[in-house]
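# Coordinate analysis (summary)
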Amino acid sequence: MKFSFLSLLAPALAAAADEDPTNTYDYIVVGSGPGGGPLSAELARAGYSTLLIEAGTDQWDNPTYADIQNFNEAANDETTRWDFWVKHSDDAARDLKFKHTTWDTGDGTFYVGLDPPEGAKLLGIQYPRAAVLGGCAMHNAGVASLPEDDDWNRIVNLTGDTSWEAGKMREYLKKIERNEYADKDDVSHGHDGWLSISQTDPSWTTNSSNPAVKIMKRLAELIGQDPSDITNLANTDLLGDFPARDTMSSFFNMATHADSKGKRSSPNNYIRATLADAAKYPLTVKLNTLATKVLFNTTTGTGGSGKPRATGVEVMSGPSLYRADPKHVPLTSSPPPPTTQYFARREVILSGGAFNTPQLLKLSGIGPSAELSSHSIPVLVDLPGVGEGLTDNYEGSLLGLAKVPISSGLITLLFRTPNAPTPKRNIYAWCGAFSFEGFWPGYPNYYGPEQYTCAMVHVKPRGQSGSVRLVSGDPLDRPEINFRFFEKGGDEDLAELVSAANILRESWQAAGPYVVPFRELHPCPTERQNGTAACGEGGQKEYFKLQAYSHHATSSCQIGGDGDGMAVLDSKFRVRGTEGLRVVDASAWPNVPGFFPSVPTMMISVKASEDIIREAREGDAGKGE
Ligand SMILES: Cc1cc2nc3c(=O)[nH]c(=O)nc-3n(C[C@H](O)[C@H](O)[C@H](O)COP(=O)(O)OP(=O)(O)OC[C@H]3O[C@@H](n4cnc5c(N)ncnc54)[C@H](O)[C@@H]3O)c2cc1C
Ligand SMILES: *[C@@H]1O[C@H](CO)[C@@H](O)[C@H](O)[C@H]1NC(C)=O
Ligand SMILES: *[C@@H]1O[C@H](CO)[C@@H](O)[C@H](O)[C@H]1NC(C)=O
Ligand SMILES: *[C@@H]1O[C@H](CO)[C@@H](O)[C@H](O)[C@H]1NC(C)=O
Ligand SMILES: *[C@@H]1O[C@H](CO)[C@@H](O)[C@H](O)[C@H]1NC(C)=O
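Residues numbered from 1 in each chain as written. Chains lettered and ligands numbered in written order. Predicted model: local features only at pLDDT ≥ 70, side-chain atom pairs only at ≥ 80, totals over all residues. Heavy atoms only, no water.

### Here we look at the site of ligand 1
Lining the immediate surroundings of ligand 1 are 38 residues, of which Gly35, Glu54, Arg129, Cys136 and Ser598 lie closest. At a separation of 3.5 Å, an oxygen atom of ligand 1 approaches a polar backbone atom of Ala130. Contact distances for ligand 1 include 2.8 Å between an oxygen atom and a backbone N or O atom of Ser598. Of all elements in the fold, only β6 (121-130), β11 (289-297) and α11 (353-363) reach the threshold of two or more residues within the shell around ligand 1. (Near = heavy atom within 4 Å. Polar contact = N/O pair within 3.5 Å; in protein donor to acceptor, adjacent residues only side chain to side chain. Helix = DSSP H or I, 4+ residues; strand = E, 2+ residues; numbered from the N terminus.)

Below, the structure written as structure tokens:
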């Protein structure tokens, strides 16, 4: 009670006499996705006046976003789309072999493919992001899964901070979760949070004449499970709290952050619920507002630390200001849009995502000094790790045409390939009558009703040398993003993808005489797929090396230990070398958290809010004594 009383008083106590109440808040959070959304709501609910700045709009009632089944339309939709054109390597010729390389034809349309028209300008490989209240959790597929226990424990090892222990982190899932499938008395799940999580109906797996069920039974044998038990296995909880979870090759019931009626659930829900009680919770949201710079007081830090202290942010207001927005209209008049400044009494928290957070830090003078200087940005803190260490899961797919359409539900499995480096699972796969080959304007392709895909997510890439670097000091420009796929340990990573594709391909042979042979479209094009890869090990490796894609970018502003010169953050999300500044989003992860980062990033968002609120209360208690 004492603490909540203090927290209500604290903001008023801290307010300076000459402060303008219309532009000053306790906290400013930039970005409303899984990283910033929950955090901003928690700070407001703890009584702190909080400004949430979001470059996009609110689309909560737009069915393209609200109905989770429309996720492909959502990620293609110009209403929220931010196009980043990324590189997969430093080898331009290699990247040009990516089948869905995108070009600007100059007449307002894109060309996607290997044979661009004369005069077309190379854009690169599309990497969609959503500029919208709720961030990419408003256009993603909503797959809800957890990191490996070691992803949490590794942070403990790196930083010595035991609050990150895997056993403790599950509490944050419980805190945010409104689970719709577990028993109400199942204490391993949360039941009254703001994030609905639901499952699919696995009853289709009981029909043993369904070709997909035959495939599944064969897959069960191949991953060491009992083929007679697939219906039961297909109902395994993807978010289950099993002791040997990370080594458990099995089918799962795919959980999504949506309710059982198919309505998407995301940080947007929590932000709107917080705004709805404005009398109680001092949250202000500014949409269509692009943060362009963090403001600092460089005079001295509190206690004479000499560190620059974040005091606010500078923004530009208006829709579609950022050039990643396809609706962006180039400014014809020379003066740029006017800027506004907002001030934070306590802290600024950056949550713009793995591309925008490092860009914003660099624009503000926090980053590798040589890079900043080359764009005439005064260096406040030489922090070489900002924008480095970018990484992602590798994804690829086995795509074929069956002789007849296979109508069934989705097979979801997590398994370990025999060549994996540890006893842990290294592949998440989902198989069904769809196609998924990565991202480009207008994705995915439709190959007709006979299309059948097993899409794969590979985890724990051996290399982690991607980067987000400035192309200019203009905050409206996109940074240059290069993932440097397969640069280190690539051959071993590719071998794991090939091993997984071989297992999946072999399972297809069991689909039944009317269904096989599949006409494999990739990785090994052949009219008569027979269970042996027609293009061999080498051909498959080459295919995945050129055509792998990704959409779980993380780690461009990593948490790391005190002695690690490339660490950007400490274990409490504080930006090293500064005061009053944190980063809370997917860029903070030292590596991609398991197979899907959305729910894990919401979990660390709530953890960060606890760290911040605890520090604020301790600080205020200290002042009061
Ligand atoms: C197409 C697609 C599908 C995906 N599917 C899944 C999935 O099924 N499951 C899963 O777990 N993960 C999935 N992901 C990944 C997941 O959605 C992201 O990892 C997650 O949203 C990252 O959260 P974040 O808060 O770091 O960043 P984001 O979600 O990108 O949020 C950042 C927010 O900050 C805003 N912003 C950025 N810069 C500024 C600025 N300068 N000023 C103001 N606002 C700014 C942006 O508009 C955005 O709203 C998918 C991603 C994509 C692109
Ligand atoms: C953490 O460190 C211990 C001791 O060095 C080691 O045994 C363990 O494997 C490490 N765990 C992770 C996840 O890195
Ligand atoms: C079982 O699957 C077969 C083959 O797809 C299909 O023809 C049949 O209608 C299905 N039976 C039921 C009860 O769904
Ligand atoms: C900057 O910080 C110093 C030391 O805390 C303080 O005296 C000064 O007023 C601050 N300047 C501004 C512009 O807030
Ligand atoms: C499968 O097809 C490949 C060529 O695509 C061939 O080399 C191989 O012998 C065939 N295997 C069987 C078992 O038919």
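Let us keep going from here.
### Describing the state of the cysteines
Applying the stated criterion to the full structure yields two disulfides. Put simply, Cys431 and Cys454 are joined by a disulfide, and their sulfur atoms are 2.1 Å apart. The sign of the S-S torsion, about 110°, decides the handedness of the disulfide formed by Cys431 and Cys454: right-handed. Remark: Cys454 occurs in strand β20 (residues 451-458) and Cys431 occurs in strand β19 (residues 427-432); sequence separation between them is 23 residues. Residue classification places Cys431 among the buried positions, given a relative accessible area of 0%. The buried category is assigned to Cys454, whose relative accessible area is 0%. Between Cys524 and Cys535 runs a disulfide, and the two sulfur atoms are separated by 1.9 Å. Judged by the torsion about the S-S bond (-60°), the Cys524/Cys535 disulfide is left-handed. Remark: Cys535 occurs in the loop between β23 (519-522) and α14 (536-547) and Cys524 occurs in the loop between β23 and α14; sequence separation between them is 11 residues. Looking at the protein, its bonded cysteines, counted consecutively from the start of the sequence, adopt the pairing 1-2, 3-4. Not part of a disulfide, Cys136 finds its nearest cysteine sulfur in Cys557, a span of 16 Å. On the basis of relative accessible area, Cys136 is assigned to the buried category, the value being 17%. (Disulfide = S-S within 2.5 Å. Buried < 20%, exposed > 50% of the residue type's maximum accessible area, 1.4 Å probe, protein only.)

### Comments concerning the sheet that holds strand β21 (residues 466-469)
Reading across the sheet, the three strands line up as β16-β21-β22 and stay open at both edges, with antiparallel pairing between neighbours. At either end of the open sheet lies a strand with only one pairing partner, and these are β16 (388-390) and β22 (480-482). Averaged over all neighbouring strand pairs, the angle between strand axes comes to 30°, with direction disregarded. In this sheet, β22 lies alongside β21 in antiparallel orientation, the contact comprising three bridges. Residue pairing across strands places Val468 opposite Ile481, the latter belonging to β22. The strands touched by α11 are β16, β21 and β22; relative to β21, the strand with the most contacts, the crossing angle is about 50°. (Pairing = 2+ DSSP bridges. Axes fitted to C-alpha atoms, helices over the stretch in contact; angles between N-to-C directions. Contact = heavy atoms within 4.5 Å.)

### Observations concerning the UniProt feature "binding site: FAD" (unreviewed entry) in the protein
The feature "binding site: FAD" (unreviewed entry), as annotated in UniProt, sits at Val132, Asn140, Ala141, Gly142 and Val143 in this numbering. For Val132, the position within the fold is in the loop between β6 and α6 (149-159). You can call Val132 buried: its relative accessible area is 0%. Other than its neighbours up to four places away in sequence, Val132 contacts Ser32, Glu54, Gly56, Thr57, Gln59, Thr80 and Met138. Its place among the elements puts Ala141 in the loop between β6 and α6. (UniProt positions renumbered as here; feature names shortened; annotations may be inferred.)

### What about α11?
Burial within α11 is extensive, with 11 of its 11 residues counted as buried. Those residues of α11 not exposed but buried are Gly353, Ala354, Phe355, Asn356, Thr357, Pro358, Gln359, Leu360, Leu361, Lys362 and Leu363. Just beyond α11, the residue with positive phi is Gly365, at close to 95°.

### Some details on the UniProt feature "domain: Glucose-methanol-choline oxidoreductase N-terminal" (unreviewed entry) in the protein
As annotated by UniProt and renumbered to match this structure, "domain: Glucose-methanol-choline oxidoreductase N-terminal" (unreviewed entry) occupies residues 353-367. Helix makes up 73% of residues 353-367 and strand 13%, whereas the separation of the span's terminal C-alpha atoms amounts to 16 Å.

### Here we look at the packing of helix α8 (residues 211-222) against helix α13 (residues 490-508)
Describing two packed helices takes the angle between their axes plus the distance from one axis to the other. As a packed pair, α8 and α13 sit with axes 8 Å apart at the nearest point and diverge in direction by 140°. Comparing the axis directions of α8 and α13 gives the class oblique. By crossing handedness, the relation of α8 to α13 is classed as right-handed. Taking contact as the criterion, the partners of Ile215, Arg218, Leu219 and Leu222 in α8 are, on α13, Ile503, Leu504, Glu506, Ser507 and Trp508. (Parallel < 35°, antiparallel > 145°, perpendicular 65-115°, else oblique. Left-handed = near helix turned anticlockwise from the far one by under 90°.)

### Details of the packing of aromatic side chains
Within the structure shown, the criterion is met by 30 aromatic pairs. Measuring from ring centre to ring centre gives 6.4 Å for Trp440 and Tyr443, while their planes differ by 75°; the resulting arrangement is edge-to-face. Put simply, the rings of Trp82, Phe84, Tyr127, Tyr322, Phe355, Tyr394, Phe483, Phe485 and Phe486 touch in pairs and so form one group of aromatic residues. Here Arg129 stacks its cationic end above the ring of Phe355, 5.5 Å away from the centre of that ring. Lying across the ring of Trp164, Lys607 places its NZ or CZ 4.7 Å from the centre. (Phe/Tyr/Trp six-rings, centres within 6.5 Å; stacked < 30°, edge-to-face > 60°. Lys NZ or Arg CZ within 6 Å of the ring centre and 35° of its normal.)

### A short note on the domain arrangement of the protein
It is common to give the size of an interface as the accessible area that goes away when the parts come together. Examined at the domain level, the protein breaks down into domain 1 (9-64 + 144-162 + 263-388 + 557-623) and domain 2 (201-253 + 393-547). The C-alpha-based centres of domain 1 and domain 2 are spaced at 35 Å. The junction of domain 1 with domain 2 conceals about 3,000 Å² of combined surface from both sides, 58% of it contributed by carbon and sulfur atoms. Linking domain 1 with domain 2 are eight salt bridges. Where Glu148 meets Lys424, a salt bridge forms, and the shortest distance between an N and an O atom there is 3.4 Å. Our count for the domain 1 to domain 2 interface comes out at 19 residue pairs in polar contact (both at pLDDT 80 or more). For the side of domain 1 that touches domain 2, the element with the most residues is α11, which contributes six residues. (Domains from an automatic or database assignment. Buried area = accessible area lost by both parts, 1.4 Å probe. Salt bridge = Lys/Arg side-chain N within 4 Å of Asp/Glu carboxyl O.)

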